[in-house]
Structures are given as C-alpha cells and as structure tokens.
Amino acid sequence: MKALVYQGPGRKALEQRPKPEIKDPGDAIVRITKTTICGTDLHILKGDVPTCAPGRILGHEGVGVIDAVGPGVTTFRPGDRVLISCITACGTCDYCRRGMYSHCRTGGWILGNVIDGTQAEYVRIPHAATSLYPIPDGADEEALAMLSDILPTGFECGVLNGKVAPGATVAIVGSGPIGLAALLTAQFYSPAEIIMIDVDDNRLEVARRFGATRTLNSAQTNVPEAVKAWTGGLGADTVIEAVGIPATFELCQDLVAPGGIIANVGVHGHKADLHLDRLWAQNIAITTRLVDTVSTPMLLKTVQSRKLDPSVLITHRFTLDGILSAYDTFGHAADSHALKVVISP
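Predicted model, so just to flag it, every value in this text is computed and none were measured. (Residues numbered from 1 in each chain as written. Predicted model: local features only at pLDDT ≥ 70, side-chain atom pairs only at ≥ 80, totals over all residues. Heavy atoms only, no water.)

Counting 62 residues, the largest nonpolar core has Leu-180, Leu-183 and Met-196 as the members making the most contacts within it. At seven residues, helix H6 (residues 177-186) tops the list of elements feeding residues into this core. Taken domain by domain, this core gets at least three of its residues from each of domain 1 (2-149 + 292-343) and domain 2 (153-288). In this structure, Leu-180 is in contact with Ser-175, Met-196, Val-206, Ala-207, Phe-210, Leu-313 and Leu-339, ignoring residues within four places of it in sequence. (Core = buried A, V, L, I, M, F, W, Y, C linked by side-chain atoms within 4.5 Å. Buried < 20%, exposed > 50% of the residue type's maximum accessible area, 1.4 Å probe, protein only. Helix = DSSP H or I, 4+ residues; strand = E, 2+ residues; numbered from the N terminus. Domains from an automatic or database assignment. Contact = heavy atoms within 4.5 Å.)

Here it is in structure tokens:
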C-alpha cells in the first residue's frame, strides 16, 4: 500500500509499505477513505516530537471502512463506515476510567506517533471498540474527518479548559484550524466577545465569517493595548493559545484579565517564559491538555443536527499520490490560504 513516511526532521516520502495486519484481538484494519494533515504533523517534521521515530507512517485523523476485525471486536464488522479518533483508548485502565483517554496506558496519542498512522491506504486501529465511531447514514465523510482531532481539540483544550461562559470575553491567539475550531465551538456558550489574533489577514477574514466579533493583526497592532481598551482596561476572561510558540504564549499572559484563564492548546517544541513576577497576584489559572476526545459523541450530534458544520474548515483536496503537494500547500498556508486539506486515496 502507499503511505506517507516520516524520514527524520525535514524529510518525508510517499512509499510502498505492507498492508497492516491484525496483531491483537481488539484490533481493526480500516481502509482509509478520507484523511488530512494536522499542525502536529508539521511539528513532527520539525523534530519537535521526539517520540515519533523515522520510518513512521504519519497521520492521526480520518474516516474509512472496516476491512477486518480481531476476534475481540464485537461492535464493528467489515463494511462498517467509521470515524477514527486521534486518541486510542482501551476504556478500562485507570486513566480511561477518569475520562483521560489521552493518557490511556496502552493507547493515547499513538497513531502517527508511536505506531503507524492514517496517511496511508490502510491503518491498524488498536482498541477498535473504544477508538472508532460509527458514521451515521448520509453523513458527509469529509466533514466528519474534522471530528477526528481539531474540533474536539479546540473544544476540550480551549473552550472547556478555558471555561468559556455566557457574556465572557474570549481572546484566541492563532487563527489557524485549531483556533478556528475553538472559535466555532466557543459559540455554544454565547460569549459576548470573541477576539481572534493572528498575523495573517486572510485567516482573520475567515474568522470574521465564522463568528469572531473582533480581529487583530498582531504584526500591525499593539494587541494588549487594543484588548485592554475594549475591555475597560481588564483583559480577556479566557485566553486560548492555539499556535505553540514562546511568543504567543507570552502574548497570552499580557491579555488575561484578573481571575481569568489561559488555556494552552498549541504544541510547544521549545520552552516559554512564565512571568510570575507580574501574574502571581492576579488569580489566574493556566491549563494544559492533550485532547481526550470525550466530546466526540456530542460533537457528532451537533453535526447531525446542523448546529455545527465542520466542512467550512476544508479548503483544499488532494489524492494520496499528491500528498507531498498537500503538505506543501498546508505548510505554506499564508500563500495558499489553506485551512484543512482533505486527502483521498
């Protein structure tokens, strides 16, 4: 089968690999019909994720059709259409019982990280019964691929951790796919203001279309001054970091109001300063989280009821043969205006 393989920092290639086989009773083999590229894949290619070794098939998002199941899988059978969760969960370990699937003792974020992932024609899914979701009849597979990772990530790590509330002011630093996912799902809670901050005017225009009440280009504006002016000198109640670099994490510290929350979502490959000399008396909270995908069933229902349309995040489509072009397009989003790219084998 064809697969996109990480070959070390800065290197990747489309290779021929053996089709995966059932290894454990709870496994399923899924034929991929739609997959996509995540910003985390770009972090891997930069060398920011040391757990991902050269030779790994990348990708942790997608939808597909069950090709085979192990003898321990009773909830799915060959031919079923499924959504693949980016997080693998056994459902029985102490962390899974606490809803912390991201820290599952035999799972967590393993796809495209410590085991082969979804940017291929087929993928092996461990703990299939608790790591796959049936796709409702008539559902848009491209749209549901956005529920593998970015929508639950923006919602859980940003909106829920940030305790977005009715009437609150929310500032989201980073208007890429994850920041936009946080923007879309923050609106479930009717905040008074959602301020999107980025250096890309195109992405800020998209944010306005998606419901942002204000936007700021941080390359052209003193963002802390503007946010303080709009909030009576206080700052934002919830600040969501959706980039993953030191400068944006420090900016969040300049934006949060007393009693507010900084919810980190971005994947950080380098240390960032924490200014406790200014913040120690401000009653703020700082949260971190790897998505657990506990919200996936709820998000599926919001898509089915048309309260949420993930397809608005899709800007480009490629075949698996063109995945290197897809990476180039996704990695140069400022020029290509890419948000999410969909790849079909």
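By the criterion of burial, strand S15 (residues 340-344) is predominantly enclosed, with five of the five residues buried. Burial along S15 is two-sided: the face carrying Lys-340, Val-342 and Ser-344 and the face carrying Val-341 and Ile-343 are both buried. As defined by bridge partners, strand S14 (residues 314-319) adjoins S15 across five bridges and the pair is classed as parallel. If you follow Thr-319 over to S15, its bridge partner there is Ser-344. (Pairing = 2+ DSSP bridges.)

Turning our eyes to something else, we now look at the UniProt feature "domain: Enoyl reductase (ER)" (unreviewed entry) in the protein chain. UniProt records the feature "domain: Enoyl reductase (ER)" (unreviewed entry) for residues 10-343 in the present numbering. Between the C-alpha atoms that bound residues 10-343 there is a distance of 21 Å. The span itself is 29% helix and 23% strand. (UniProt positions renumbered as here; feature names shortened; annotations may be inferred.)

As a further point, take helix H7 (residues 201-210). Because the α-helix completes a turn every 3.6 residues, residues three or four places apart line up on one side. Of all the residues in H7, the buried ones are Arg-203, Leu-204, Val-206, Ala-207 and Phe-210. Here the buried residues of H7 occupy an arc of 155 degrees about the axis, which is enough to place them on one side. Its side-chain oxygen placed 2.8 Å from the backbone nitrogen of Asn-202, Asp-200 serves as the N-cap of H7. Where H7 ends, the next residue or the one after it, Gly-211, has phi of about 120 degrees, a positive value. (Arc of directions from axis to C-beta. Polar contact = N/O pair within 3.5 Å; in protein donor to acceptor, adjacent residues only side chain to side chain.)

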